[in-house]
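Listed below are the residues making up each chain.
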Amino acid sequence: MYSSNSVFLIFAYAPLPGNYIAFTNFNFRDGIFGSPFVGFKNFEFLVKSGKLWNLTRNTVLYNIAFIGIGNVLQIALAVMLNEIHNKYFKKISQTLMFLPYFISAVLIGAIAFNILNYDTGVLNTIIREAGGNPLKIYSMAGIWPFIIVFCQLWQSTGYGSIVYFAAIMGIDKSMIEAAQVDGATSWQRIRFVILPNLKPTFIILFLFSLGGIM
């Protein structure tokens, strides 16, 4: 059984030498440490290309959307799961929501391509069958921020909702029962009991998400 220190060394420190790739003219034939060393030329190219601000802005804006919309959806799904009384339906719902988290980003890209491809995509096939004109979605730059945000939320929302649902399960039942005795409606129990108790979990996940921006 590995100790926590061993796991930390393996997954946190062992990969660090791979950062050397940023200072090389990397090619697959020579590998990371065999590729020619170029110093800071890659960073110089990035700055001179004029794309650094756009890349930074897009990264920040996308993550704001992921964090903001994602946490709202995760909390909403967790609360709705908590309101479901049929335990079998609840377990099935949890499994189906959690499943996309295990799908790699590469596979999600492949799924999106097979749906949105101009010639053979599912979407344009349906549009053609309906007698419409196919859409050149890969040429429509304005729609891609929404597609990217949707794909990210589809993959991650289920996992986050399970975390919030576990936090709801940890709330002292006597607080909820007291609210019911006082005549609180379901919405009032959610607003005044459940949501305030989710604040610590929200803060922790929010801080993890901020670290993920880098």
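(A) Looking closely at the overall build of the chain. When helices and strands are counted, the chain shows 11 helices and 0 strands. For the chain, the succession of helices and strands along the chain, N to C, is α-α-α-α-α-α-α-α-α-α-α. Here the chain has a C-alpha radius of gyration of 23 Å; the compact-globule value for 214 residues is 17 Å, and the former is much larger. Dimensions along the principal axes, computed over C-alpha positions, put the chain at roughly 70 × 60 × 35 Å. Sorting the 214 residues of the chain into buried and exposed places 26% on the buried side. Surface accessibility of the chain: about 15200 Å² in total, with carbon and sulfur atoms responsible for 70%.

(B) Just the confidence of the model for the chain, in detail. Overall, the prediction assigns the chain a mean pLDDT of 87, with 98% of residues at 70 or greater. The element-level mean pLDDT for the chain is lowest in helix α1 (residues 4–13), coming to 77, with helix α7 (residues 122–129) highest at 92.

(C) Structural context of the packing of helix α4 (residues 52–83) against helix α8 (residues 144–169). Their axes nearest at 6 Å, the elements α4 and α8 cross at an angle of 45°. By the angle between their axes, α4 is oblique relative to α8. The two elements α4 and α8 cross, and the hand of that crossing is right-handed. Here the contact of α4 with α8 is built from residues that sort into 19 nonpolar, 9 polar and no charged.

(D) Looking closely at the packing of aromatic side chains. In this structure the tally under the stated criterion is 15 aromatic pairs. Note on Phe202 and Phe206: the rings are 5.9 Å apart at their centroids and 20° apart in plane angle, and the pair reads as stacked. Placement of both Phe202 and Phe206 in helix α11 (residues 199–213) is noted, with a separation of 4 residues, approximately one turn of the helix. Using a relative accessible area of 30% as the deciding quantity, one classes Phe206 as partly exposed.

(E) Up close: a nonpolar patch on the surface. A cluster of nonpolar residues, Leu107, Ile111, Ile115, Val122, Leu123, Ile126, Leu135, Met140, Ile143, Phe146, Phe150 and Trp154, forms a patch on the protein surface that exposes about 1100 Å² of accessible area. Contributing elements (two or more residues each) for the nonpolar patch: α6 (105–116), α7 and α8. Structurally, the position occupied by Leu135 is in the loop between α7 and α8.

(F) Structural detail: the side chain of Asn117. By the element assignment, Asn117 lies in the loop between α6 and α7. Judged by its relative accessible area of 14%, Asn117 is buried. There is a polar contact of 2.8 Å between the side chain of Asn117 and the backbone nitrogen of Thr120. Residues within four places of Asn117 in sequence aside, it is in contact with Asn124 and Tyr138.

(G) Spotlight on the pattern of salt bridges. Within this structure, the stated rule accounts for 2 salt bridges. The partner of Arg29 in a salt bridge is Asp30, and the shortest N-O contact between them spans 3.6 Å. Here Lys48 makes a salt bridge to Glu44, at a shortest N to O gap of 2.7 Å. Placement of both Lys48 and Glu44 in helix α3 (residues 41–48) is noted, with a separation of 4 residues, approximately one turn of the helix. On the accessibility criterion, Lys48 (65% relative accessible area) is exposed.

What counts and how
Residue numbers run consecutively from 1 along every chain, following the written order of its sequence. Residues qualify for local features only when their pLDDT is at least 70, as the model is predicted, and side-chain atom pairs are given and counted only at 80 or more; totals for whole chains, interfaces and linings, by contrast, use all residues. Excluding hydrogens and water, the side-chain figures rest on all heavy atoms present in the structure. In this text, helices come from DSSP runs of H or I with a minimum length of four residues, and strands from runs of E with a minimum of two, each type numbered from the N-terminal end. C-alpha atoms define the radius of gyration in this analysis, and the globule rule sets the expected value at 2.2 Å times the number of residues to the power 0.38. The buried label goes to any residue with under 20% of its type's maximum accessible area, the exposed label to any with over 50%, and the partly exposed label to all in between, with areas taken from a 1.4 Å probe on protein chains only. Areas reported as accessible are Shrake-Rupley estimates using a 1.4 Å probe. Residue values count occlusion only from the protein chains shown. In predicted models, pLDDT denotes the confidence assigned by the predictor to each residue on a 0 to 100 scale. The axes used here are C-alpha line fits, helices contributing only the stretch in contact, and every angle between their N-to-C directions lies in the interval 0 to 180 degrees. With respect to orientation, any angle under 35 degrees is reported as roughly parallel, any angle over 145 as roughly antiparallel, any angle of 65 to 115 as roughly perpendicular, and every other angle as oblique. Note: crossing handedness is left-handed where the near helix turns anticlockwise from the far helix by less than a right angle, and right-handed where it turns clockwise. Polarity classes work like this: nonpolar for Ala, Val, Leu, Ile, Met, Phe, Trp, Tyr, Cys and Pro, charged for Asp, Glu, Lys and Arg, and polar for all others, with Gly in that last group. Under the pairing criterion, centres of Phe, Tyr and Trp rings, with the six-membered ring standing for Trp, must be within 6.5 Å; the plane angle then separates stacked pairs below 30 degrees from edge-to-face pairs above 60, leaving the rest tilted. Each patch is assembled from residues with relative accessible area greater than 30% and no salt bridge, linking like charges that lie within 9 Å and nonpolar side chains (Val, Leu, Ile, Met, Phe, Trp, Tyr) that lie within 5 Å. Within this document, salt bridges are pairs made up of a side-chain nitrogen of Lys or Arg and a carboxyl oxygen of Asp or Glu, the two lying within 4 Å of each other. Here a polar contact is recorded for every N or O atom pair within 3.5 Å, except that within protein the pair must consist of a potential hydrogen donor and a potential acceptor, and residues adjacent in sequence are included only if both atoms are side-chain atoms. Contacts are assigned to residue pairs that have any heavy atoms within 4.5 Å of one another.

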